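# Architecture at a glance
These are the residues of each chain, in order.
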Amino acid sequence: AGGFGVNGPRTRGLPPVFTRVPTRDRVVFLTIDDGVDQDPATLRMLRELHVPYTAFLSDDAVDGGWEYFRAAHEQGAALQNHTLLHRYLPGLSRAAQRHEICGMQDTLRRHYGRAATLFRPPYGSYNRDTLEVARSCGIRAVPLWEAEVFPGRVVYRDSDLHPGDLVLTHFQGRAQWNGSMADALRTFLRTVTEKGYAVARLEDYI
Ligand SMILES: [Zn+2]
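Our subject in this report is the structure included herewith.

The rules we used
- Residues numbered from 1 in each chain as written.
- Predicted model: local features only at pLDDT ≥ 70, side-chain atom pairs only at ≥ 80, totals over all residues.
- Heavy atoms only, no water.
- Helix = DSSP H or I, 4+ residues; strand = E, 2+ residues; numbered from the N terminus.
- Rg over C-alpha atoms; globule rule 2.2 N^0.38 Å.
- Buried < 20%, exposed > 50% of the residue type's maximum accessible area, 1.4 Å probe, protein only.
- Contact = heavy atoms within 4.5 Å.
- Areas by Shrake-Rupley, 256 points an atom, 1.4 Å probe, with all protein chains shown as cover.
- Lys, Arg positive; Asp, Glu negative; His and termini not counted.
- Charge placed at Lys NZ, Arg CZ, Asp CG, Glu CD.
- Donors = N, O, S within 2.8 Å, 3.2 Å for Na, K, Ca; no water.
- Arc of directions from axis to C-beta.
- Polar contact = N/O pair within 3.5 Å; in protein donor to acceptor, adjacent residues only side chain to side chain.
- Axes fitted to C-alpha atoms, helices over the stretch in contact; angles between N-to-C directions.
- Parallel < 35°, antiparallel > 145°, perpendicular 65-115°, else oblique.
- Nonpolar A, V, L, I, M, F, W, Y, C, P; charged D, E, K, R; others polar.

It is worth spelling out the overall build of the protein chain at this point. Along its length, the protein chain carries six helices and nine strands. Compactness check: the protein chain gives a C-alpha radius of gyration of 16 Å against a globular reference of 17 Å for 206 residues, within 12% of the reference. For the C-alpha atoms alone, the extent of the protein chain along its principal axes is close to 45 × 35 × 30 Å. Relative to its full complement of 206 residues, the protein chain shows a buried share of 54%. A separation threshold of at least 6 residues defines the contact pool for the protein chain, and within that pool the share at least 24 residues apart is 73%. Counting only carbon and sulfur atoms, one obtains 48% of the accessible surface of the protein chain, whose full area is about 9,300 Å². Each charge class in the protein chain was averaged separately, 25 positive and 24 negative side chains, and the resulting centres sit 5 Å apart.

Attention now goes to the coordination of the zinc ion. Within the protein, the zinc ion binds to Asp34 (OD), His82 (NE2) and His86 (NE2); these donor distances fall in the range 2.0 to 2.1 Å. All donors to the zinc ion come from one chain, and their sequence spacing reads D-x47-H-x3-H. Take His86: its relative accessible area is 14%, and that puts it in the buried class.

This paragraph deals with helix H3 (residues 66–74). The set of residues buried in H3 consists of Trp66, Tyr68, Phe69 and Ala72. Looking straight down H3, one finds that the buried residues subtend no more than 155 degrees of arc, so they occupy a single side. Among the exposed residues of H3, those oriented more than 90 degrees off its buried face are Glu67 and Glu74. If you follow the buried residues of H3, they end up packed against helix H1 (40–49), strand S3 (54–57), helix H2 (59–62), strand S4 (78–81) and helix H4 (94–112).

Further remarks concern the environment of Ser136. Examined against the element boundaries, Ser136 turns out to sit in helix H5 (residues 128–136). The spacing of Ser136 and Val199 is 63 residues in sequence and 31 Å in space, taken between C-alpha atoms. Ignoring any residue separated from it by four or fewer positions in sequence, one finds Ser136 in contact with Arg98 and Cys102. Of the polar contacts made by the side chain of Ser136, one reaches the backbone oxygen of Val133; its length is 2.6 Å.

With that settled, consider the packing of H1 against H3. Running from N to C, H1 and H3 cross one another at 5 degrees; their axes reach a closest spacing of 11 Å. Relative to H3, H1 is oriented roughly parallel. Residues Pro40, Thr42 and Leu43 of H1 lie in contact with H3, whose contacting residues are Tyr68, Ala71 and Ala72. Of the residues contributing to the contact of H1 with H3, the split by class is five nonpolar, one polar and no charged.

Written out as structure tokens, the structure is:
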């Protein structure tokens, strides 16, 4: 879901939270969240365009569609953790946060044989418990985002793209948007190309 996360204070020993990866390369990173829309045309488009991306999946949004994301994974997508039920984590007890984050690690392991190394909290919202719990179940970093893409529109945190920016969009379609997933991907690629960026694989940079 929408909204910009805020970089928290640097917390020693905890997974770092960031919206941009330090790099001089003229690259940005595509991250696609939740998993509600599972149109085969989206995977075809991503495959044909050779666009690397990271999917932050929530069990609730995927709603049993694990084969779809297995296909995404087989064509190169990284599958990462976006909790079980997509709840506002700072409103939950530490135990409930553990269930949301570490439970999703178990779910990813069960379906794909491997837990996530990256975690994105729903709405970009977290507290210290979130980071401690995430670390305890194997999360190394907490990437948020600098820009969000909708069909026909990009919303920037800071008015423009910068090298290393994380860009967010969602597995959504006409049921959630005034446009299709393909429209959102075209908006992303046109914007990135016009501004002279390439799309890199996030896991290669952190
Ligand atoms: Zn989300």
